[in-house]
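Structural description and commentary
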Amino acid sequence: TEIIKRRLRKTGGMGFGEAIKNGESNHLLSESLVDFGIHRQMVSRFTSILRLADPTIEELVTILSYPHGVLSAYNQLLSQSKLAITVPDDAKLIIAQHAFETRSFARGMKRVVSRLIEDIVYAGVEGKVEITPGAVRSIIEHPENAEVNEPVRENVMTNSCDNDEPCSVFGS
């Protein structure tokens, strides 16, 4: 807490919303890392130290949908098990909003998608699976309680997806 108090006295703020004057940013960021406990020799090896603005919800949806993003990585992994997931835009928006509200951003989105995929794999589903907004809400509202997700696991039903291909709809 002493580090935070000193930091607040020096600059009037901390974190992403901090106001830093031109020319002070690299010095203050380096000093913050040292104050946090990283050795000065280690900080001096960083060629660049950047402060990034928080991503918007739209940017988080883009990260989720990007060809090398969270969903693509999981689909590549699941393809070995003959499983492919699709997430409609409204479900992606719910995931991105949750990550934005909890300030967990990409890691938070990955955590939600991971929990959803875990439920699908344990349900023994194969083929193309569409994750519904209801399944996303269930995981977000009750992340710590596996029993709450039992009805979601049971609600895997055959339906038709794009191009009249048979697929499963996961969630309610």
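Per-chain numbering applies: the sequence of each chain, read as written, is numbered from 1 onward. Under the rules for a predicted model, residues below a pLDDT of 70 receive no local features and side-chain atom pairs below 80 are neither given nor counted, while totals for whole chains, interfaces and linings still include all residues. Only hydrogens and water are set aside; all other atoms, that is, all heavy atoms of the structure, feed into the side-chain values.

1. Some thoughts on helix H7 (residues 105-122)
Put simply, DSSP H or I for four residues or longer makes a helix, DSSP E for two residues or longer makes a strand, and each gets a number counted from the N terminus. Under the convention used throughout, the expected extent of a helix is 1.5 Å for every residue step, that is, one less than its residue count. For H7, spanning 18 residues, the distance from its first C-alpha to its last is 26 Å, which sits close to the expected 26 Å at 1.5 Å a residue. Those residues of H7 that sit buried are Phe 105, Gly 108, Met 109, Val 112, Val 113, Arg 115, Leu 116, Ile 117, Asp 119 and Ile 120. Type-normalised accessible area, obtained with a 1.4 Å probe on protein chains alone, sets the label of each residue: buried when under 20%, exposed when over 50%, and partly exposed for intermediate values.

2. Some words on the confidence of the model for the protein
Residues with a pLDDT of 70 or more make up 67% of the protein, whose mean pLDDT is 77. You can read pLDDT as the predictor saying how much it trusts each residue, on a scale of 0 to 100. Looking across the protein, the model is least confident in strand E3 (residues 156-160), with a mean pLDDT of 40, and most confident in helix H6 (residues 89-101), with 97. For the stretch residues 146-160, pLDDT sits under 50, and the model shows 35 contacts to residues farther than four places along the chain or on other chains. Here, residues are in contact when the closest pair of their heavy atoms is within 4.5 Å.

3. Quick notes on the side chain of Glu 31
Position of Glu 31 relative to the elements: it lies in helix H2 (residues 25-36). The exposure class of Glu 31 is buried, given its relative accessible area of 19%. Under the rule applied, a polar contact is a pair of N or O atoms within 3.5 Å (in protein, one hydrogen donor and one hydrogen acceptor; residues adjacent in sequence only if both atoms are side-chain atoms). Engagement of the side chain of Glu 31 in a polar contact is seen with the side chain of Arg 40, the distance being 3.0 Å.

4. Structural notes on the pattern of salt bridges
One side-chain nitrogen of Lys or Arg within 4 Å of one carboxyl oxygen of Asp or Glu is enough to make a salt bridge. Going through the model one piece at a time under the given rule, you end up with two salt bridges. Ionic pairing is found between Glu 31 and Arg 40, a salt bridge with its closest N-O pair at 3.0 Å. The salt bridge partner of Asp 54 is Arg 103, with a shortest N-O separation of 2.5 Å. Placement of Asp 54 in the loop between helix H3 (40-44) and helix H4 (57-65) and of Arg 103 in the loop between H6 and H7 is noted, with a sequence separation of 49 residues between them.

5. Notes on the pairing of strand E1 (residues 83-86)
Of the two faces of E1, the one holding Leu 83 and Ile 85 is buried and the one holding Ala 84 and Thr 86 is not buried anywhere. Two strands are said to pair when DSSP picks up at least two bridges between them. Looking at chain direction, E1 and strand E2 (residues 127-131) are connected through four bridges and run parallel. When the sheet's bridge partners are listed, Leu 83 is paired in E2 with Gly 127.

6. Quick look at unusual backbone geometry
Not every positive phi belongs to a glycine, and Lys 82 is a case in point at roughly 55°. Relative to the helices and strands, Lys 82 is located in the loop between helix H5 (70-78) and E1. Among the residues examined, Lys 82 registers a relative accessible area of 62% and is labelled exposed. Of note, Phe 105 is a non-glycine position whose phi angle comes to about 50°, a positive value.

7. What about the environment of Ile 117?
Here Ile 117 lies in helix H7. Sequence-wise, Ile 117 and Asn 75 are 42 residues apart; in three dimensions their C-alpha atoms are separated by 9.8 Å.

8. A short note on the packing of H7 against helix H8 (residues 133-141)
Between the N-to-C directions of two axes lies an angle of 0 to 180 degrees, each axis being a line fitted to C-alpha atoms and, for a helix, fitted only over the stretch in contact. Contact geometry for H7 and H8: axes closest at 10 Å, N-to-C directions at 110°. Considered as vectors, H7 and H8 are oriented roughly perpendicular to each other. In this structure, H7 crosses over H8, and the sense of that crossing is right-handed. For the pair H7 and H8, the contacting residues are Val 112, Arg 115, Leu 116 and Asp 119 in the first and Ala 135, Val 136, Ile 139 and Ile 140 in the second. Any angle from 65 to 115 degrees is called roughly perpendicular, while one under 35 is roughly parallel, one over 145 is roughly antiparallel, and all others are oblique. If you view the pair so one helix is near and one far, a crossing is left-handed when the near helix is turned anticlockwise from the far one by less than a right angle, and right-handed when it is turned clockwise.

9. Considering H5
Within H5, burial applies to Val 70, Leu 71, Tyr 74 and Leu 78. For H5, the angular spread of the buried residues around the axis is 90°, confining them to a single face. Contacts made by the buried residues of H5 are with H4, E1, H6 and H7. Starting at the helix axis, one direction is taken to each C-beta atom, and the arc is that of these directions.

10. A short note on the nonpolar core
One finds Ile 85, Ile 95, Val 113, Leu 116, Ile 131 and Val 136 to be the most contacted residues of the largest nonpolar core, which totals 29 residues. Among the secondary structure elements, those contributing two or more residues to this core are H4, H5, E1, H6, H7, E2 and H8. Tallying contributions element by element places H7 first for this core, with seven residues. Among buried residues, those of type Ala, Val, Leu, Ile, Met, Phe, Trp, Tyr and Cys that are joined through side-chain atoms within 4.5 Å constitute a nonpolar core.

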